[in-house]
Amino acid sequence: MKFTREQVEAAVKSKDYAYFTKGEFNVNIIGIRNSDTCNRITNHYDDLITISYMKGNKWKYFQWPATTDPGKYWMDHPLNNKGCAILVPNQYSGVYEIDKHRGKYYALCQRLGSVEVYRDGNENDVYDLEPEEIDKGYFGINIHRSSAYNTTTEIDKYSAGCQVFSNPLDFKEFMHIVKEASRFWGNKYINIIGSQQPHVKDKTEEDSLDITGFALADDHEVTKKFFWSTDMINEAYSMPMP
């Protein structure tokens with residue numbers, strides 16, 4: 001599954017979210033969640049994380065395999081007695097910064113504010129997104145890698161709610177870009193995550209994806225994390241931009 005930068009930009013703007021088009025390394029970090037699974041736990045890296053930004057008056061765009069969902073191990077053995085964490089669609093302002101994930105290596109870490117998560121502890125092989133099970137706090141919902149040495153195909157213990165790269169070289173490339181961006185814009189992140197769209201039967205694989213995203217900002221800019229269906233991407237992309 002692949003998306004162009006233009007498709008992502010159009011979808012972001014169609015939701016009235018900020019998409020940065022000016023400034024060197026003013027990055028837009030977008031996660032694409034695969035909704036074709038209908039919330040079933042696949043334990044695979046079947047999502048994407050993308051990044052787009054301007055460098056020398058030219059657009060740069062990358063996408064990498066990742067997961068935006070918890071792995072099966074922690075869904076069956078939750079760290080919290082309320083259940084495993086699944087990030088709730090919402091706006092989260094200024095919660096991310098570059099810091100060490102579990103004190104081991106630099107990643108994007110939830111250090112600066114609380115987030116909301118669904119708590120799923122019934123071990124039924126489905127991500128249950130129940131409003132009455134929402135929990136709020138500092139849970140370490142980070143963006144990091146899996147193995148330091150090899151590409152990983154199964155999530156297992158690598159995500160208990162975080163968004164995780166499957167390939168360490170991809171993550172290294174991602175962090176190089178983010179660290180360069182922090183030189184220009186500071187080390188503060190604001191995020192938005194919107195509502196997940198229902199799976200639509202008989203759609204193509206590309207039409208059955210949802211998107212989450214992040215963007216880097218300094219103290220004076222509003223940056224957002226978002227979550228929308230690929231139907232919205234395709235619709236927005238066909239519309240003339242203002």
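Residues numbered from 1 in each chain as written. Predicted model: local features only at pLDDT ≥ 70, side-chain atom pairs only at ≥ 80, totals over all residues. Heavy atoms only, no water.

Participant: Would you mind going over the pattern of salt bridges with me for this structure?
Facilitator: Note that side chains of opposite charge can pair when their charged atoms are close. The full count for this structure, using the stated rule, is 9 salt bridges. A salt bridge links Arg 5 to Glu 6, with the nearest nitrogen and oxygen atoms 3.9 Å apart. You can call Glu 6 partly exposed: its relative accessible area is 39%. Between Arg 5 and Glu 9 there is a salt bridge, with the nearest N and O atoms lying 2.6 Å from each other. Linking Arg 5 with Glu 9, this pair stays in helix H1 (residues 5–14), spanning 4 residues, or about one helical turn. In this pair, the class of Arg 5 matches that of Glu 9, namely buried. Salt bridges linked by common partners bring Arg 5, Glu 6, Glu 9 and Lys 13 together as one network. (Salt bridge = Lys/Arg side-chain N within 4 Å of Asp/Glu carboxyl O. Buried < 20%, exposed > 50% of the residue type's maximum accessible area, 1.4 Å probe, protein only. Helix = DSSP H or I, 4+ residues; strand = E, 2+ residues; numbered from the N terminus.)

Participant: It is not clear to me how the sheet that holds strand S4 (residues 84–87) should be interpreted in this structure. Could you clarify?
Facilitator: The pairing of strands in a sheet comes from backbone hydrogen bonds and takes either a parallel or an antiparallel form. Read from one edge to the other, the open sheet built from 3 strands follows the order S4-S7-S8, with strand pairing classed as antiparallel. With one partner strand each, in any of the chains shown, S4 and strand S8 (134–137) form the two edges of the open sheet. Each adjacent strand pair in this sheet contributes to an overall mean axis angle of 45°, direction not counted. Bridge analysis of strand S7 (residues 115–120) against S8 gives 4 bridges, and the strand direction is antiparallel. Note on S8: the bridge partner recorded for Glu 116 is Lys 136. (Pairing = 2+ DSSP bridges. Axes fitted to C-alpha atoms, helices over the stretch in contact; angles between N-to-C directions.)

Participant: Where do I start with the side chain of Asp 69 in this structure?
Facilitator: Mapped onto the fold, Asp 69 is located in the loop between strand S3 (58–67) and helix H2 (72–76). In this view, Asp 69 contacts Arg 33, Asp 47, Tyr 127, Ile 155, Ser 159 and Cys 162; residues no more than four positions away in its chain are not counted. (Contact = heavy atoms within 4.5 Å.)

Participant: Would you mind showing me how to read H1 here?
Facilitator: What sets the pattern is the α-helix's 3.6 residues per turn: residues three or four places apart point alike. Of all 10 residues that make up H1, 7 are buried, and the element is covered over most of its length. Taken together, the buried positions of H1 are Arg 5, Gln 7, Val 8, Glu 9, Ala 10, Ala 11 and Val 12. One or two positions beyond H1, positive phi appears at Asp 16, with a value near 60°.

Participant: Just to check I follow, could you spell out the nonpolar core for this structure?
Facilitator: Burial of nonpolar side chains together is a common tendency in soluble globular proteins. Formed by 28 residues in total, the largest nonpolar core has its most connected members in Ile 29, Ile 49, Ile 51, Leu 108 and Phe 174. For this core, the elements supplying multiple residues, two or more each, are strand S2 (47–55), S3, S4, strand S5 (90–101), strand S6 (105–110), S7 and helix H3 (168–185). Here this core takes 6 residues from H3, the largest share from any one element. For Ile 49, the contacting residues outside a window of four places in its chain are Ile 29, Ile 30, Gly 31, Phe 62, Gln 63, Trp 64, Ala 66, Ile 143, Phe 165 and Phe 174. (Core = buried A, V, L, I, M, F, W, Y, C linked by side-chain atoms within 4.5 Å.)

Participant: Just to check I follow, could you spell out the packing of aromatic side chains for this structure?
Facilitator: Given two aromatic rings, their pairing is described by the distance between the two centres and the angle made by the two planes. Scanning the entire structure with this criterion turns up 11 aromatic pairs. With a centroid separation of 5.0 Å and 40° between ring planes, the pair formed by Phe 165 and Phe 174 is classed as tilted. Here Phe 165 and Phe 174 have matching classes, each one buried. Judged by centre distance (6.4 Å) and plane angle (35°), the rings of Phe 171 and Phe 174 are tilted. Highlighted residues: Phe 171 and Phe 174, both in helix H3, separated by 3 residues, approximately one helical turn. What makes Phe 171 buried here is its relative accessible area of 5%. Among the aromatic residues, those joined into a cluster by ring pairs are Phe 62, Trp 64, Tyr 105, Phe 165, Phe 171 and Phe 174. Across from the ring centre of Phe 139, 4.7 Å away, lies the NZ or CZ of Arg 119, which sits over that ring. For Arg 145, the ring lying beneath its charged end belongs to Tyr 105, and the centroid distance is 3.7 Å. (Phe/Tyr/Trp six-rings, centres within 6.5 Å; stacked < 30°, edge-to-face > 60°. Lys NZ or Arg CZ within 6 Å of the ring centre and 35° of its normal.)

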